[in-house]
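Below, each chain spelled out in residue letters.
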Amino acid sequence: MSVTETSASVLPAWLRAMRPRQWVKNVLVLAPVFPAGSQVGLDTLTGVGVAFVLFCLVSSAVYLINDAKDVEADRAHPRKRFRPIAAGELNARTAVVLAVALAVVALVGGAVWQPMLGVVLAVYFAIQLAYCFGVKHEPVLELACVASGFLLRMLAGGTAGDIPLSGWFLLTTAFGSLFMAAGKRYGEARRGELTGEPVRRVVQKYTTTYLRFVWTLAATVVVTTYALWAVEVLVPQSGTQLATLSVVPFILAVMRYAVDVDKGNAEEPEEIALHDKVLLVLALAWCGSLLLAVWL
């Protein structure tokens, strides 16, 4: 048993079923803060912090509903059978009650804080429920659902922090999300090929060559739109060419992540983000160059 698994096992079943390790994805709500520059104040940071907390609650509600619905299938899966609901540590009905409570707190809290934040959270919750109850078995549509989750997190950060978002930024986010979503599916498909482990039904409907096409296409577009955003938006905004330099670590980070995708190791993006040291260094270099361009 790994150190991470040992640490996770001491948490109560209801908390583990909320998948706190997945909350790292919600850090994406902070993305709009970096290019905002002088617009960032205490109110902005507070709003983004609220968006982070509420997204943790609503995403955990989705995980609980999904695991309660798929409990029998998870029990037959070599890894998912250890999830608290599938393992019998948490009753499915209790999980659903907890999910409803979390969703209500998140949606009401979002609407009270900023009505549009409530709308973004509601759209996310509706899309993810549709995913849980059938769309996850439909090729392409399920990719769009997964990718939309990343995009909506960034929209939530911009909305809660009252930060205007450029079209190039949103396109970068959308195709970056698609890149990661296709990489997840490719990772699962490759693992199934290499180990013989069963893969989810929708992954069986894809070929690895098709998934490679999707994440290659997405990577091409995300690099292009980011470069255009840096040159056409950040350079005029900051008055310095430093924003252009941020394109270099950004492209290298995409290429490094693609190494993991191509190996079939990208099924869990948060695991790569936490354990690939080279990728972390590139991400820090990108953030540093971006901050220098915006804040100098």
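See the structure shown above.
Keep in mind that this is a model prediction, so the values were computed, not measured. (Residues numbered from 1 in each chain as written. Predicted model: local features only at pLDDT ≥ 70, side-chain atom pairs only at ≥ 80, totals over all residues. Heavy atoms only, no water.)

(A) Structural view of the packing of helix H6 (residues 115–132) against helix H7 (residues 141–160). At a minimum axis distance of 9 Å, the contact between H6 and H7 shows a crossing angle of 165 degrees. Classified by the interaxial angle, the pair formed by H6 and H7 is roughly antiparallel. You can see that H6 and H7 cross each other, and the crossing is left-handed. On the side of H6, the interface is formed by Met116, Leu117, Val120, Val123, Tyr124, Ile127, Gln128 and Tyr131, while H7 contributes Glu142, Cys145, Val146, Ser148, Gly149, Leu152, Arg153, Ala156, Thr159 and Ala160. Partitioned by chemical class, the residues of the contact of H6 with H7 number 12 nonpolar, 4 polar and 2 charged. (Axes fitted to C-alpha atoms, helices over the stretch in contact; angles between N-to-C directions. Helix = DSSP H or I, 4+ residues; strand = E, 2+ residues; numbered from the N terminus. Parallel < 35°, antiparallel > 145°, perpendicular 65-115°, else oblique. Left-handed = near helix turned anticlockwise from the far one by under 90°. Contact = heavy atoms within 4.5 Å. Nonpolar A, V, L, I, M, F, W, Y, C, P; charged D, E, K, R; others polar.)

(B) Focus on helix H12 (residues 247–263). Here H12 spans 25 Å end to end across 17 residues, near enough to the 24 Å set by a 1.5 Å rise per residue. Of the residues making up H12, those classed as buried are Val247, Pro249, Phe250, Ala253, Val254, Tyr257, Ala258, Asp260 and Val261. (Expected span 1.5 Å × (residues − 1). Buried < 20%, exposed > 50% of the residue type's maximum accessible area, 1.4 Å probe, protein only.)

(C) Inspection of a nonpolar patch on the surface at higher detail. Together, Val96, Val100, Val104, Val108 and Val112 make up an exposed nonpolar region whose accessible area comes to about 420 Å². Counting through the fold element by element, valine 100 comes out in helix H5 (residues 92–113). Among the residues examined, valine 100 registers a relative accessible area of 46% and is labelled partly exposed. (Patch = residues over 30% accessible without salt bridge, like charges linked within 9 Å, V, L, I, M, F, W, Y side chains within 5 Å. Areas by Shrake-Rupley, 256 points an atom, 1.4 Å probe, with all protein chains shown as cover. Salt bridge = Lys/Arg side-chain N within 4 Å of Asp/Glu carboxyl O.)

(D) Layout of the packing of helix H3 (residues 42–69) against H6. Contact geometry of H3 with H6 gives a least axis separation of 10 Å together with a crossing angle of 15 degrees. Overall, the two elements H3 and H6 adopt an arrangement that is roughly parallel. You can see that H3 and H6 cross each other, and the crossing is right-handed. Contact residues: H3 offers Ala51, Leu54, Phe55, Val58, Ser59, Ala61, Val62, Ile65, Asn66 and Lys69, while H6 offers Leu117, Leu121, Tyr124, Phe125, Gln128, Leu129 and Cys132. For the contact of H3 with H6, the per-class residue count stands at 13 nonpolar, 3 polar and 1 charged.

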